[in-house]
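Chains, contacts and geometry: an overview
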Amino acid sequence: LNQAYRTSGFQFRLMDLTRTENDVWASGIDGSALQAMKNSLRRGTYGTLNLYILADMRGNTLGTCTMPTNIGPGASRSTYAGDGCLINVETLPGGAIYGYNLGMTSVHEVGHWLGLLHIFEGYSCQGSGDYIDDTPQQSTATNGCPSGKDSCPDAAGGDLVENYMDYSVDWCYSSFTGGQISRMADVWRLFREGR
């Protein structure tokens with residue numbers, strides 16, 4: 001995380017680590033069980049990133065994360081207990097999911113936690129997309145790490161396959177745009193800082 005976010009102004013520090021054995025929680029498929037897991041394991045304030053590494057995440061899910069919302073100042077822990085990121089353990093460095101086992105799923109999901117949408121948001125060459133001016137329109141998620149991909153040839157700029165907020169393979173990822181960095185900082189100040 002710190003390598004990927006080094007130019008963003010965000011750095012992360014491990015504050016606590018717990019290990020819990022629970023087969024239902026580890027699968028990540030039962031919504032009420034996941035809420036119970038987060039209620040039990042959640043640490044810190046709304047500005048504290050909680051990563052839940054799941055050992056038996058089902059389906060093709062690599063990870064998911066909550067987006068920030070305006071919980072208001074002085075909100076109780078129960079208001080934000082469900083906040084955080086679920087990460088498939090096989091996406092961590094050395095994991096078994098080839099192409100997605102260098103840890104970039106966590107980088108991508110934390111981008112959502114900081115307020116970023118996918119760069120292909122809306123799957124269209126028109127409209128607001130991800131609401132960031134310096135990410136070109138992109139109508140498809142990326143598969144692999146293609147050179148010269150341009151899913152919206154009539155719009156300015158090609159697809160940013162190296163952007164952490166696409167769906168490229170891990171070794172393809174290398175950057176956030178300046179606009180994404182500004183959005184993360186703005187979202188942090190508006191929704192998470194001091195909460």
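Residues numbered from 1 in each chain as written. Predicted model: local features only at pLDDT ≥ 70, side-chain atom pairs only at ≥ 80, totals over all residues. Heavy atoms only, no water.

1. Regarding helix 2 (residues 31-41)
Residues of helix 2 that are buried include every one of A33, L34, M37, K38 and L41, and no others. Relative to the axis of helix 2, the buried residues are bounded by an arc of 140° and lie together on one face. As for helix 2, its buried residues are in contact with helix 1 (23-27), strand 1 (51-54), helix 3 (77-80) and strand 3 (85-88). (Buried < 20%, exposed > 50% of the residue type's maximum accessible area, 1.4 Å probe, protein only. Helix = DSSP H or I, 4+ residues; strand = E, 2+ residues; numbered from the N terminus. Arc of directions from axis to C-beta. Contact = heavy atoms within 4.5 Å.)

2. Quick look at the environment of D170
Mapped onto the elements of the fold, D170 is located in the loop between helix 4 (104-113) and helix 5 (178-192). Residue classification places D170 among the buried positions, given a relative accessible area of 3%. Separated by 68 residues in sequence, D170 and L102 have C-alpha atoms that sit 5.9 Å apart. Those residues within four positions of D170 in sequence are excluded, and the remaining contacts are T91, G99, Y100, N101, L102, G103, M104 and T105. Separated by 2.8 Å, the side chain of D170 and the backbone nitrogen of L102 make a polar contact. Within polar-contact distance, the side chain of D170 engages the backbone nitrogen of G103 at 3.3 Å. (Polar contact = N/O pair within 3.5 Å; in protein donor to acceptor, adjacent residues only side chain to side chain.)

3. A word on the packing of aromatic side chains
Per the counting criterion, the structure on display carries 10 aromatic pairs. Between Y5 and F176, the ring centres sit 4.9 Å apart and the planes meet at 45°, which makes this aromatic pair tilted. A residue pair is termed long-range when its members are at least 10 positions apart, and Y5 in the segment before helix 1 and F176 in the loop between helix 4 and helix 5 qualify at 171 residues. Across the pair, F176 and Y5 agree in class, each one buried. Seen in terms of ring centroids, F120 and Y167 are 4.9 Å apart; in terms of plane orientation they differ by 65°. Their pairing is edge-to-face. A residue pair is termed long-range when its members are at least 10 positions apart, and F120 in the loop between helix 4 and helix 5 and Y167 in the loop between helix 4 and helix 5 qualify at 47 residues. (Phe/Tyr/Trp six-rings, centres within 6.5 Å; stacked < 30°, edge-to-face > 60°.)

4. Points about unusual backbone geometry
A positive phi angle, close to 45°, is found at Y123, a residue other than glycine. Residue position: Y123 is located in the loop between helix 4 and helix 5. Judged by its relative accessible area of 53%, Y123 falls in the exposed class. Phi at Y131 is positive, roughly 65°, even though this residue is not glycine. The topology assignment puts Y131 in the loop between helix 4 and helix 5.

5. Things to note about the pattern of salt bridges
Scanning all chains against the criterion turns up 5 salt bridges. In this structure, K149 engages D159 in a salt bridge whose closest nitrogen and oxygen atoms are separated by 2.9 Å. Separated by 10 residues along the polypeptide, K149 in the loop between helix 4 and helix 5 and D159 in the loop between helix 4 and helix 5 bring together distant segments of the chain. As far as the burial class goes, K149 and D159 line up, both buried. Shared partners join several salt bridges into a network, and the residues in it are R42, D83 and R192. (Salt bridge = Lys/Arg side-chain N within 4 Å of Asp/Glu carboxyl O.)

6. What about the state of the cysteines?
One pass over the full model with this rule turns up 3 disulfides. Note that C65 is cross-linked by a disulfide to C85, the S-S spacing being 2.0 Å. The S-S bond linking C65 to C85 shows a torsion near -50°; that makes this disulfide left-handed. Here the residue C65 occupies a position in strand 2 (residues 63-65), and C85 occupies one in strand 3, the gap between them amounting to 20 residues. The same class applies to C65 and to C85, which are both buried. At a sulfur-sulfur separation of 2.1 Å, the disulfide partner of C125 is C152. (Disulfide = S-S within 2.5 Å.)

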